Amino acid sequence: MRWFAFFSLILVQCSLSAAHSGEEYHEELKLRPLPDGKLAARFAFTTLLKGAIPRAPTNLTVNDESQHYTLFPLAMGQLLREYAITELHLTLNAGKWDYDRWGYPEEPGVGSGAELWTWMGDGAPTSIDERWKAIQNAHAGLFCASLGSMDTQRTTSPTRAFPPTGDLPRLPAPHVHRLRHATLPAEHVCTENLTPFLKLLPCPAHAGIAALLAPHKVFDADWHGLGVHVRWRAGKGVELVMTVQAVFDPVRMSAERKRDWSFHSVFDRTIPRSCPVATTSLIHVELPPPGDGSYTLNPAPSTANQAVATFSISKDLPELDVTMKWGEESRFAYPLDASSTPLSDFSVQRTLKGSSQTHGQLSIVIRNNRPTELSVLYLETMPWHVEFYLHTLRITGPDGQQCNDLFSNMTYTPPVPHAQPAMLQAMLTLPPLTTLRLTMDARKSFLRYTEHPPDAQRGWDLPPAVFVTQSASGGASKRVYTPALLVDLATPDFSMPYNVIIMSCTLIALIFGSLFNILTRRFVVVKVDGNVPKVQ
Amino acid sequence: MATLREKLKSALGSGDNSAKIRRRRAMTASLWRNLSVLRVALLVTGYVWMLALPSSQLGQGTYIDENALQPGQVNTYWSWADVRRADDYLKDLELLRDRNASSEERAAYFATEFAKLGIPPSTQKYALRSSTLASEGTNAYAVFSSPRASGAEAVVISASWLSHTDGFNLRGLATVLSLSAFLKQYSHWSKDIIFILSDGYLDGMHAWLSAYHGSSQSNMQVEPLELTSGVIWTALNIDYPGHSFSHLGVFREGLNGRLPNQDLINSFRLISHHTGGVPVLLYDHHDPSDFPGRQDILKIFPAWTPKRVTDNKDVMEYGYRAKNILRHVGYQARGRASGVHGLLHQFRIDAITLFAVPSNGPHGFHALGRTVESTLRTMNNLLERLHASFFFYIMATPGTFLKIGTYLPSAVLVAVALMFGGLGEWVNAGWVEVLDQDAGATDKQSAALIHAKRWVQRSRDVIPALGIVISTHVAGAALFSVVSSSWFMANQQTYTFPVILLASLLPLLTLLLPSSGDPTSQAPLPILLKSATLCLSSTLISVTSVLNFSLAALLAVALGVPVSLAAPAHSMITRLLRYLLYAALGLGWLALGQEMRQAVWHWEVLGVWFAPLVCVVYTPMMLQAGIVCLLSP
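Just so you know, these numbers come straight off a predicted model, no measurement behind them.

Looking only at helices and strands, chain A features nine helices and 27 strands. Referenced to the eigenvectors of the C-alpha coordinate spread, the extents of chain A come out at roughly 125 × 65 × 50 Å. Within chain A, residue pairs in contact and separated by at least 24 positions form 74% of the contacts whose partners lie at least 6 positions apart.

In terms of helices and strands, chain B carries 21 helices and 14 strands. On the principal axes, the C-alpha backbone points of chain B span a range of 105 × 70 × 60 Å. Of all 633 residues assigned to chain B, the portion counted as buried reaches 50%. Counting only contacts in chain B whose residues sit at least 6 apart along the sequence, the fraction spanning at least 24 positions is 82%.

Attention now moves to the interface of chain A and chain B. Interfaces are often described in size by the accessible area the parts lose on coming together. The interface of chain A with chain B comprises 41 residues on the first partner and 35 residues on the second. Among the elements of the structure, β14 (346–353), β15 (359–368) and β25 (485–487) of chain A are those that each provide at least two residues to the side of chain A that touches chain B. In terms of residue count, β14 of chain A provides more of the side of chain A that touches chain B than any other element does, three residues in total. Tallied by class, the residues present in the side of chain A that touches chain B amount to 11 nonpolar, 16 polar and 14 charged.

Residue and element names in this part refer to chain B. Considered domain by domain, chain B is made up of domain 1 (35–54 + 407–439 + 446–630) and domain 2 (80–402). Computed over C-alpha atoms, the centres of domain 1 and domain 2 are 41 Å apart. Between domain 1 and domain 2, the residue contacts involve 24 residues of the former and 26 residues of the latter. When contributions to the side of domain 1 that touches domain 2 are tallied by element, the ones reaching two or more residues are α15 (486–490), α18 (549–565) and α20 (593–606). The greatest single-element share of the side of domain 1 that touches domain 2, amounting to eight residues, is contributed by α20. When its residues are assigned to classes, the side of domain 1 that touches domain 2 shows 16 nonpolar, six polar and two charged.

It is worth spelling out the pairing of strand β5 (residues 192–198) of chain B at this point. Residues and elements named next belong to chain B. Most of β5 sits inside the fold, with seven of its seven residues counted as buried. Of the two faces of β5, the one lined by Asp192, Ile194, Ile196 and Ser198 and the one lined by Ile193, Phe195 and Leu197 are each fully buried. Bridging between strand β3 (residues 134–144) and β5 involves five bridges; their strand directions are antiparallel. For alanine 140, the partnering residue across the bridge sits in β5 and is leucine 197. As paired elements, strand β4 (residues 153–160) and β5 share seven bridges and run parallel to each other. Counterpart to isoleucine 157 in the pairing with β5 is phenylalanine 195.

Turning our attention to the domain arrangement of chain A. All names here are of chain A. What the domain assignment lists for chain A is domain 1 (19–326), domain 2 (344–487) and domain 3 (497–535). If you average the C-alpha positions of domain 1 and of domain 2, the two centres end up 28 Å apart. Between domain 1 and domain 2, the contact holds 21 residues from the first and 24 residues from the second.

All names here are of chain A. Mean pLDDT for chain A: 88, with 94% of residues reaching 70 or above. When mean pLDDT is compared element by element in chain A, strand β7 (residues 237–248) scores highest at 95, while strand β27 (residues 534–535) scores lowest at 42. Predicted confidence is poor over residues 8–20, with pLDDT under 50, and the contacts of this stretch with residues over four places away or in other chains come to 10 contacts. Ignoring residues within four places in sequence, the model shows residues 532–536, a span with pLDDT below 50, making 12 contacts including any to other chains.

Further remarks concern the packing of helix α12 (residues 404–430) of chain B against helix α17 (residues 525–547) of chain B. Residues and elements named next belong to chain B. Packing of α12 against α17 brings their axes to within 8 Å, and their N-to-C directions diverge by 160 degrees. Classified by the angle their axes make, α12 and α17 are roughly antiparallel. Two packed elements cross with a definite hand, and for α12 against α17 that hand is left-handed. Of the residues in the contact of α12 with α17, the class split is 14 nonpolar, eight polar and two charged.

All names here are of chain B. Over its 17 residues, α18 runs 24 Å from end to end, which matches the ideal 24 Å to within 8%, given 1.5 Å per residue. Of all the bends found along α18, the most pronounced is centred on leucine 559 and spans about 30 degrees, while proline 562, a proline, follows it within four residues. The buried fraction of α18 amounts to 12 of the 17 residues, a majority that puts the element mostly inside the structure. Of the residues making up α18, those classed as buried are Phe549, Ser550, Leu551, Ala552, Ala553, Leu554, Leu555, Ala556, Leu559, Gly560, Val563 and Ser564. Close packing links the buried residues of α18 with α3 (35–52), α10 (313–333), α12, α17 and α21 (610–630).

Helical periodicity: at 3.6 residues per turn, an α-helix aligns residues three or four positions apart in one direction. Residue and element names in this part refer to chain A. Taking 1.5 Å of rise per residue, 16 residues should cover 22 Å, and helix α4 (residues 128–143) covers 22 Å from first to last C-alpha, within 8% of that figure. Looking at α4, one finds that the buried residues are Ile128, Arg131, Trp132, Ile135, Gln136, His139, Leu142 and Phe143. Taken down its axis, α4 places every buried residue within 145 degrees of arc, on the same side. Residues of α4 that are exposed and angled more than 90 degrees away from the buried face: Asp129, Glu130 and Asn137. On its buried face, α4 is in contact with α2 (74–82), β3 (85–94), β4 (113–121), β5 (177–184) and α5 (191–199).

Okay, unusual backbone geometry next. Residue and element names in this part refer to chain A. Here alanine 173 and proline 174 are connected by a cis peptide whose omega angle stands at 5 degrees. Inspection of the secondary structure puts proline 174 in the loop between α4 and β5. With omega at -15 degrees, the peptide bond leading from asparagine 298 into proline 299 counts as cis. Here proline 299 shows up in the loop between β10 (296–298) and β11 (303–304). One non-glycine residue with positive phi stands out, namely leucine 433, at about 50 degrees.

Our next topic: the sheet that holds strand β24 (residues 479–481) of chain A. The strands that make up a sheet are held in pairs by hydrogen bonds between backbone atoms, and each pair lies either parallel or antiparallel. All names here are of chain A. Pairing is antiparallel across the open sheet formed by five strands, whose spatial order is β19-β20-β16-β23-β24. One side of each edge strand has no neighbouring strand; the edge strands of this open sheet are β19 (407–413) and β24. Adjacent strand axes in the sheet meet at a mean angle of 20 degrees when their direction is disregarded.

Cut-offs applied
For every chain, the first residue of its written sequence is number 1, and the numbers climb from 1 along that sequence. All chains are assigned letters beginning at A, and all ligands numbers beginning at 1, according to the order in which they are written. It should be noted that, the model being predicted, local features are given only for residues of pLDDT at least 70 and side-chain atom pairs only at 80 or more, the latter also being counted only at that level, while totals for whole chains, interfaces and linings use all residues. Numbering of helices and strands runs from the N terminus, with a helix taken as a DSSP run of H or I at least four residues long and a strand as a DSSP run of E at least two residues long. By the convention adopted here, residues are in contact when the distance between their C-beta atoms, placed from the backbone, does not exceed 7 Å. Comment: burial labels come from other C-beta atoms within 10 Å of the residue's own C-beta, placed from the backbone, where a count of 20 or more is buried, 12 or fewer is exposed, and between is partly exposed. Ten residue types, Ala, Val, Leu, Ile, Met, Phe, Trp, Tyr, Cys and Pro, are classed as nonpolar, four, Asp, Glu, Lys and Arg, as charged, and the remainder, Gly among them, as polar. An automatic or database domain assignment is the source of the domain bounds shown. Strand pairing is defined by DSSP finding a minimum of two bridges between the two strands. Confidence scores per residue from the predictor, reported as pLDDT, run from 0 to 100. Only the stretch in contact is used when fitting a helix axis, every axis being a line fitted to C-alpha atoms; angles between N-to-C directions are given from 0 to 180 degrees. These descriptions rest on fixed angle ranges, namely under 35 degrees for roughly parallel, over 145 for roughly antiparallel, 65 to 115 for roughly perpendicular, and the rest for oblique. In this scheme, a crossing is called left-handed if the near helix is turned counterclockwise away from the far one by less than a right angle; it is called right-handed if the turn is clockwise. Helices are assigned an expected span. That span is 1.5 Å times one less than the residue count. Values of bend correspond, residue by residue, to the angle between axes fitted over the seven residues ending at that residue and the seven starting there. Throughout, the arc means the angular range of directions from the helix axis out to the C-beta atoms.

Pasting the structure below:
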């Protein structure tokens, strides 16, 4: 047995050195107590395929080299090679991220439902769109999500809002990299997505930080989301980051309405042992600001500074259950001034006004919470069901004055009915501490009856708008998603096809009957009782 | 094809043809001879049908149509601790009421309480102005973003500061506040929950809804909402004015006769019965079978009805159902909302008001909370809007209803009678029977006279008749702009009778019209006018019947007989008296001061069509009928 283990180890070492110079696995959990008593958690499982470069699209015709991985998930690796994907981002989220109360998320992709975007190089024998379709179907199968319905009616290419997060390898001219992006706002996230997700990890569910991911707790969180991010970092290799984000509400979970939390109370699990293949395994707990009550953190962190306490999970560590308690609080008191002290730089409210089935108005209220001028990129992707009248675009300031000049650098792709969505990207300048109202009239389309979904009376889910902050100082730009919208289009009464059939058959029978009568009738002069002859 | 043609030829033999034509002529002639009988028969059938609607023979039991609803299938967790919290809120609210706190103070109190619970609150100021009264106030509301929900859908739980019973709805407000604390403890909500504590009665909610849906009107200033959520699908409004309650009453009628989907009412009834243990009523109408031997205290029948009649079980049942239906017609025909929920229907939100019928017991916050919790769970199950059950129905009792097919024909029959009358008058106008001068001297025998009569066609000059019709409607529009003006409303007592007098004197101008010429060559104006009025009223009733049955039924009653009976007379006195009768029928409502103010307020603020409809359509039609009587035949 020992010999067998030894041999297999050698074999693994050989294959590793043959394929790539190495693989690295890092796991990290970041916990952030929020001012409203909630607890934001972000798991990141990073696998780095050292020295690997994405497959060149022109090589798709030739047989690929064999795939051998120890830590990198084979299923993902095969997908990336098969379709020559340079960069891929898939997120599956449930809930509405409250930027004002929770601040910016660690992972920016927090739009409700499913979102998939990829950067791919062209020059392959199959077109970008064919590969894009295949990528959806492959990932739909891999993660048990209905991504396959991201058809051309939902696909856009918003390159300004979704630039590559890694590097793009140089392609032979004239080939370039292209972006494909689609969202499914009504996609529900559940255990069936988490189970295959965990299977891709080297240490799923039994060791290391991933042991905390108990589905019944994660899916009870106020907000939760899964993410898969693949990018290429020049000089380093292909990086796969699998993330789980969640916002828990310890106050709701505790009987005494306290915000104290521990791994056990929040995840219903503890970390039993470390993950043996992890290079680093860290837990960061962000410490509350000094004015926020006195708290105790157990056990003592490995390292700590003013803002963050860090626990490093080492091989000899016993079971770990981090606990944070506010000893002096008998019950959590919600901050009363939460709405006046937002954590985000700007707050957005996006609604579709109007109750008619033919017309509506998109209304966006955006408030700059900072005393400095902000410049944001506004991206609106809209299925063709809702068509904007761009000439009605108005921006009004706090005193009702028009300030359309705050809108600049606009690109617009008009929708193609029954085929392609509209896309609007523009720069918006937000004066300091000011509320702007942006309105645009919209027309609601009349659908063909076969275009209605099975749950026609629910309405259509519209994708969220995206705002991207453009920092002048060169810092990282932040992506902000608005909540998804639901729009009511004119819907026929699908429970009544029978009545429609009866009605139309009757009409046809009546028309046919009278026409047939006239055509086959012989007109003669008939004398009735000696009266004036009458034509029948 | 050839054989087919042969067969057809043999079937249509020439001998048959003349018989067929004779038969057809005989049929038309008998229809024409019996037209007045037919009209009366149709009218009587229509009215008898209306009277039969409360009968227990009509109507059927309610049922849940949408499978997703699953009413009453959940465990409820509303406990006595939540009741205690509601009691605490009630104490604060009573203090606010006793010290006559202003709208702002109350809204600030509500917002603070929501903030203490961790639900984002906000307030909204509004000011409404109409020719009858101006009102202003402050709404408080809070949006609970349900865990895991995308926020695209929402449900509303609301309570207004005033109850529909002229009292304060303190317990309703306390229930909503306590519910908000309770509902936040659970993560199974699939839709955002919006809590609205609206100021005033209808005005506050109207302002809030207008701001939420982005509709604006010139006589209303509203603050934009700071918090929004998704599309609202269903709403519950709680009205709990008393100390305790014995029954929960359902109020369902919305503006302009809109009704919520019946599934909502049926689910609530089942839940209230099985989960809350509270029997459900329509409005606050008690079921006489709950009071064996003491039915007289319900005052369903007037005091003079003999006891022997009212003790009859079937008569009592008829009376109870008739009371429910009449109350419904009262709201629906006038387009009034029977509660705050009625404002939501226009935005495609299915909403009802739960009215805790004041009583000495036995129920309170505990039963109400459990019922609302379970009803919310049922609404939470919805994956689509409520669309399966009925939108057109009349509820006779909480558990029985009339389908549209059962009640609609009553009004349509009246409309058909009017249309037959109108077409009959049109034929009358076109033909006249004259003595055939060629037949000989006048002293011939009567049998010969009949033979000597002959139908001649005369020209129907419709321009004067249409002119009168149009000018009465224009006068009606002018009348409406007068009575809805603020100067009229300010001095209603003084101006009412002058306006009635002026409006009823104006049609006398038609007396100045030159008399139509020879009746053998020119159709008389009254006949043409009557024909137009009958056809118009028939069209009006049948079109209205599918939009708002109660209004159609009211119009059928108000227009049917009077317009049918309008006929000119020879004596000037009779003509004037008849005209005065019609003018009184057409303009008498102006004297109902309070009712009229209400109708005008509803039009100006809430957009209820009843007041303009009466002024621009009903009154002119009555005046047209009056002019028919007034004109010389």
